[in-house]
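# Chains, contacts and geometry: an overview
Below are the chains, spelled out letter by letter.
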Amino acid sequence: MVDAESFVDEAVAGIREEVGDAHAVIALSGGVDSSVAAELAYRALGENLTPVYVDTGLMRKGETDEIRETFSHMSSLRIVEAEDRFLDALEGIADPEEKRHVIGEGFIREFEREAKAADADYLVQGTIYPDRIESEGGIKSHHNVGGLPDVVDFDGIVEPVRDLYKDEVREVARELGLESVVAERMPFPGPGLAVRVVGEVTREKVEVARDACHVVEEELEEYDPWQALAAVVGKGTGVKGDNRVHGWIVAVRSVESRDGMTARAQELDWETLQRIQSRITGANDNVARVVYDVTHKPPATIEYE
């Protein structure tokens, strides 16, 4: 386990030494990894850091407002409204890896524009150790690792938590005094809800996934999962009122894990599962059924794409 106090001191000093008097831009998503990286970089660089949150339209429910409030102490925080650009770029794309690369390049291009406006030379990212292992091993591409475009217009990329596991990042978050809503927040994929929509990403499917994920996170909080989510996985036949519908199938997933490298599906009681399906199908007439995923990792991955 990491010595959080020593790590903070060393990371801050390391960022300050690497970046010097230059300006940096931090890729801020609101998850614990990027939040810790942002706080470390802010302590190292102060006003020479521009935190940038890109609202891709693929974020959790209420995410943008939470970011604005949580990081209000960083006066140079930039919130970029980019939903239309990302969803337009994803139109017609069904391949999971192509989606990740499109989103990865979109992120970098947004950051490049913000970095140019801030006269920044460095990009800070919240890449952690499992991200690197899974990307290098070909399990999946992360927007901040394998999804990087070939040409990135920065002098350097700084990854202060790149050698830490998720539970170690949480320890550092507590040492930094970050609120529990950040420190204890369950993982959320870099490409956002795009990897919780199987196949082509559309506005309708994203909204279904967003609302369903919100329900799952609320209902399963007492189970303290390592990660819990909902994904739109296809269409199936259902009945709403007296009408036969061909609506979305939503898969619910909840797992226990230490670091995300392996995971076990949680055993949920029947009453909880019924409450989840009732809320999800009741809130959206276009959802035909809800299923629960009992597959461990391996053979499955935690996310659907």
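Details of the structure are given in the entry above.
Residues numbered from 1 in each chain as written. Predicted model: local features only at pLDDT ≥ 70, side-chain atom pairs only at ≥ 80, totals over all residues. Heavy atoms only, no water.

### Things to note about the overall build of the protein chain
- Counting secondary structure elements, the protein chain contains 10 helices and 9 strands.
- With respect to the principal axes defined by its C-alpha atoms, the protein chain has extents near 65 × 40 × 35 Å.
- The 305 residues of the protein chain split such that 56% are buried.
- Sequence-distant contacts, at least 24 apart, represent 76% of the contacts inside the protein chain between residues at least 6 apart.
- For the protein chain, the exposed area adds up to about 13,700 Å²; of that, 44% sits on carbon and sulfur atoms.
- Each charge class in the protein chain can be summarised by its mean position, and for the 33 positive and 63 negative side chains these summaries are 5 Å apart. (Helix = DSSP H or I, 4+ residues; strand = E, 2+ residues; numbered from the N terminus. Buried < 20%, exposed > 50% of the residue type's maximum accessible area, 1.4 Å probe, protein only. Contact = heavy atoms within 4.5 Å. Areas by Shrake-Rupley, 256 points an atom, 1.4 Å probe, with all protein chains shown as cover. Lys, Arg positive; Asp, Glu negative; His and termini not counted. Charge placed at Lys NZ, Arg CZ, Asp CG, Glu CD.)

### Focus on helix H4 (residues 83-90)
- Buried within H4 are the following residues: Phe86, Leu87 and Leu90. With its buried residues spanning 90° around the axis, H4 presents them on a single face.
- Just downstream of H4, Gly92 is the residue with a positive phi angle, here 85°. (Arc of directions from axis to C-beta.)

### Comments concerning the sheet that holds strand S1 (residues 24-28)
- As summarised here, the arrangement of the 5 strands in space is S3-S2-S1-S4-S5, forming an open sheet in which the pairing is parallel. In this open sheet, the two edge strands, each paired with only one partner strand, are strand S3 (78-81) and strand S5 (156-158). Ignoring strand direction, the axes of neighbouring strands in this sheet form an average angle of 25°.
- Taken together, the 3 bridges between strand S4 (residues 122-124) and S5 define a ladder with parallel strand orientation. Along S5, the bridge assignment pairs Val124 with Val158.
- Lying on the sheet, helix H2 (residues 32-45) is in contact with S1, strand S2 (49-55) and S4; it crosses S1 at an angle near 160°.
- Here helix H5 (residues 96-118) sits on the sheet in contact with S1, S2, S3 and S4, set at roughly 145° to S2. (Pairing = 2+ DSSP bridges. Axes fitted to C-alpha atoms, helices over the stretch in contact; angles between N-to-C directions.)

### What about the environment of Arg85?
- When you line up the elements, Arg85 lands in helix H4.
- The class of Arg85 is partly exposed, set by a relative accessible area of 43%.
- Here the alpha-carbon distance between Arg85 and Glu17, two residues 68 residues apart in the chain, equals 36 Å.
- Filtering out sequence-adjacent residues up to four positions away, Arg85 remains in contact with Val80, Glu110 and Arg113.

### Side note on the pairing of S2
- Burial within S2 is extensive, with 7 of its 7 residues counted as buried.
- Burial of S2 is two-sided: the residues Leu49, Pro51, Tyr53 and Asp55 facing one way and the residues Thr50, Val52 and Val54 facing the other way are all buried.
- As judged from the 5 bridges shared by S1 and S2, these two strands associate in the parallel manner. Each residue of the ladder has a partner; that of Ile26, found in S2, is Pro51.

### Focus: the packing of aromatic side chains
- Scanning all chains against the criterion turns up 2 aromatic pairs.
- For the pair Tyr129 and Tyr165, a centre-to-centre distance of 5.3 Å together with 70° between the ring planes defines the contact as edge-to-face. Taken together, the positions of Tyr129 in helix H6 (residues 129-136) and Tyr165 in the loop between S5 and helix H7 (166-176) put the pair 36 residues apart, joining distant regions of the chain.
- Geometry around Tyr165 places Arg258 over its ring, the cationic atom sitting 5.3 Å from the centre. (Phe/Tyr/Trp six-rings, centres within 6.5 Å; stacked < 30°, edge-to-face > 60°. Lys NZ or Arg CZ within 6 Å of the ring centre and 35° of its normal.)

### Some points on the pattern of salt bridges
- Counted according to the given criterion, the structure contains 25 salt bridges.
- Asp33 is the salt-bridge partner of Lys166, the closest N and O atoms lying 2.7 Å from each other. Note that Lys166 is positioned in helix H7 and Asp33 in helix H2, a separation of 133 residues in sequence. With respect to burial, Lys166 and Asp33 carry one shared label: buried.
- A salt bridge links Asp167 to Arg258; the shortest N-O distance between them is 3.5 Å. Residue Asp167 is located in helix H7, and its partner Arg258 is located in the loop between strand S7 (243-256) and strand S8 (264-265); the two are separated by 91 residues in the primary sequence.
- Owing to a relative accessible area of 44%, Arg258 belongs among the partly exposed residues under this scheme.
- Three or more residues joined by partner-sharing salt bridges are found here, namely Glu218, Glu219, Glu271, Arg275 and Arg279. (Salt bridge = Lys/Arg side-chain N within 4 Å of Asp/Glu carboxyl O.)

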